[in-house]
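This is what each chain is made of:
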Amino acid sequence: MASKKNRSHKKSVRVSSNGRRSGEVVHASDRSYSIADYRLEKPDFSLRQVRNGDEVRYEVEGDLAAEVPPIRESKYLDKKQSVEIYRWMLLNRKMEAALENLYKQGKVVGGVYFGLGQEACSCASAYALKPDEWLGPMIRNQGSLLVRGFSPRDIMMQYMAKAGSPTKGRDASSHFGDIKEHNVVAPISTLGDLIPVLAGVALGARLQGRNIAVMTYIGDGGQSTGVTYEGINFAAVQNLGLVLFVENNLWGYSTPADMQFCVKDLAERAIAYGIPGIIVDGTDACQVYDAAHEACQRARGGEGPTFIEAKMMRMKGHAIHDAAEYVPKPLFGYWRKRDPIARFENYLLGKKWLTTAENGALVAGVDQQLEADREFAVNSPMPTPESAAGGVYCENGCHEIKPKYALPKLTTRTIIKRRSEAAVHLK
Ligand SMILES: Cc1ncc(C[n+]2csc(CCOP(=O)(O)OP(=O)(O)O)c2C)c(N)n1
Ligand SMILES: [Mg+2]
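Let me sum up the structure you'll find in this document. (Residues numbered from 1 in each chain as written. Chains lettered and ligands numbered in written order. Predicted model: local features only at pLDDT ≥ 70, side-chain atom pairs only at ≥ 80, totals over all residues. Heavy atoms only, no water.)

## Concerning the overall build of the protein
- Tallying secondary structure elements over the protein gives 13 helices and 12 strands in all.
- Across the 427 residues in the protein, those meeting the buried criterion constitute 47%.
- Summarising the internal contacts of the protein: among those between residues at least 6 apart in sequence, 76% fall at separations of at least 24.
- Carbon together with sulfur atoms contributes 54% to the accessible area of the protein, which is approximately 20900 Å² in total. (Helix = DSSP H or I, 4+ residues; strand = E, 2+ residues; numbered from the N terminus. Buried < 20%, exposed > 50% of the residue type's maximum accessible area, 1.4 Å probe, protein only. Contact = heavy atoms within 4.5 Å. Areas by Shrake-Rupley, 256 points an atom, 1.4 Å probe, with all protein chains shown as cover.)

## A closer look at the packing of aromatic side chains
- Enumeration according to the criterion identifies 10 aromatic pairs in this entry.
- Between the aromatic rings of Tyr334 and Trp335, the centroid separation amounts to 5.1 Å while the plane-to-plane angle is 80°, which identifies the pairing as edge-to-face. The exposure classification of Tyr334 matches that of Trp335, with both residues buried.
- For the ring pair Phe344 and Tyr347, a centre distance of 5.8 Å and an interplane angle of 10° mean the geometry is stacked. Of the two residues, Phe344 and Tyr347 both sit in helix 11 (residues 340-350), three residues apart, roughly one turn of that helix. (Phe/Tyr/Trp six-rings, centres within 6.5 Å; stacked < 30°, edge-to-face > 60°.)

## Side note on the coordination of the magnesium ion (ligand 2)
- Each protein donor to the magnesium ion (ligand 2) is listed here as Asp220 (OD), Asn249 (OD1) and Trp251 (O); together their distances run 2.0 to 2.1 Å.
- Mapped onto the sequence, the residues coordinating the magnesium ion (ligand 2) show the spacing D-x28-N-x1-W. With a gap of 29 residues between them, Asp220 in the loop between strand 7 (214-219) and helix 7 (226-237) and Asn249 in the loop between strand 8 (242-248) and strand 9 (251-252) connect regions that are remote in the sequence.
- On the basis of relative accessibility, which here comes to 5%, the residue Asn249 falls in the buried class. (Donors = N, O, S within 2.8 Å, 3.2 Å for Na, K, Ca; no water.)

## Re the pattern of salt bridges
- Counting across every chain of the model gives 25 salt bridges.
- With its nearest N and O atoms 2.7 Å apart, the salt bridge here joins Arg39 to Asp37.
- With a relative accessible area of 11%, Arg39 lands in the buried category.
- What makes Asp37 partly exposed here is its relative accessible area of 24%. (Salt bridge = Lys/Arg side-chain N within 4 Å of Asp/Glu carboxyl O.)

## A closer look at empty space enclosed by the protein
- Per the counting criterion, the structure on display carries two cavities of 30 Å³ or more.
- Estimated volume of the largest cavity: approximately 40 Å³.
- Taken together, Ala202, Arg206, Arg210, Asn211, Ile212, Asn239, Leu240, Gly241 and Ala299 make up the lining of the largest cavity.
- Computed from the structure, the second largest cavity encloses a volume of approximately 30 Å³.
- For the lining of the second largest cavity, the per-class residue count stands at two nonpolar, no polar and four charged. (1 Å grid on protein atoms, 1.4 Å probe; cavity = no way out; pocket = protein on both sides within 12 Å on 5 of 7 lines; lining within 4 Å. Points joined across faces, edges and corners; volume = space filled by probe spheres on them. Nonpolar A, V, L, I, M, F, W, Y, C, P; charged D, E, K, R; others polar.)

Put into structure tokens, the structure is as follows:
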């Protein structure tokens, strides 16, 4: 991985406060950073924009007939864990199918965003966190929310703006979290803004004497924002336990990744931050989990952030209103063959970690749970008009933020004392 070399490179060069280097000189030829790549195949195609008068369309070029690779054996997952992840992925997919139906029945207020094709990335990554660690999901990470303990019922009620939903009907989309039980920071729509927030959570935990892993996500489009750079850089220089999944699903709205950035792999950007970068096949739950687990372990050991690029394809439009007509059809065919759930299911059956009968029972259990949650959510009440006036200002001390792990090691008094000592020293 890139990190060790980067860090030793940092040590060998003295940099003065004005940025001038002194001492040992590092030649470009000495730089031998590398990015770990866990994939068993490297898709080889690119998109080209074709203009015909006012009409703009994309054409795909490359090898779309390649065989689907096997799932890469996990170094860490046992049978029970693997089956659990598989179940989360199924729940994720089937819950989104239920949401789509609810939308078509006119029961959803607002839009619906799907993570179709990205279930392995959401579920296997969040599965690597410990319960008292933190997650900041984005819109496609409903699977991560399920793994963190939100129920399909919570999510369905949220989309239908029901009184019992996490935001009590105030938001009809994914803007909810829970800082008390699930340790989930609500998604921030302004792309990239979650990254410094999660870095801040890791910093807060450190001030309380704990190195924890904090995980968040950004897309191939969103990673171009300035705050993405600021957030990762902050985490890097502060050595904070940020685990960042860059979900390269090949599209940001209707912009193909090929028109969003020029680097071959987004993970290469890790080199510029001086942190480890890893590439995984985002449709392979084992690769996603292994990379997430290793990054979490680094975070817990105080070794700083990790940048993980997960490659896959967004298998629907940006949201339910977008039919994704601009995506060349052969691309869907290619990625459908790499469906993360079907691949993982075949892997588990082939390994005899799941029998056909067990699989049938598991699928039926997921269907049953979803049907019960859907019924509950559909039949639960909308908020009363009067309730709109409540919950705006603090009514019961809920704004009080208590330390999660311990009291900060540095008290205000110590900081003031140190500052005044420093001031004396300067005089
Ligand atoms: C700073 C900022 N710019 C633009 C937007 C509008 N916007 C919302 S989602 C989106 C596309 C994001 O694409 P990507 O990051 O690849 O994520 P994906 O939708 O593929 O998961 C854009 C441009 C925004 N929310 N924030
Ligand atoms: Mg994208």
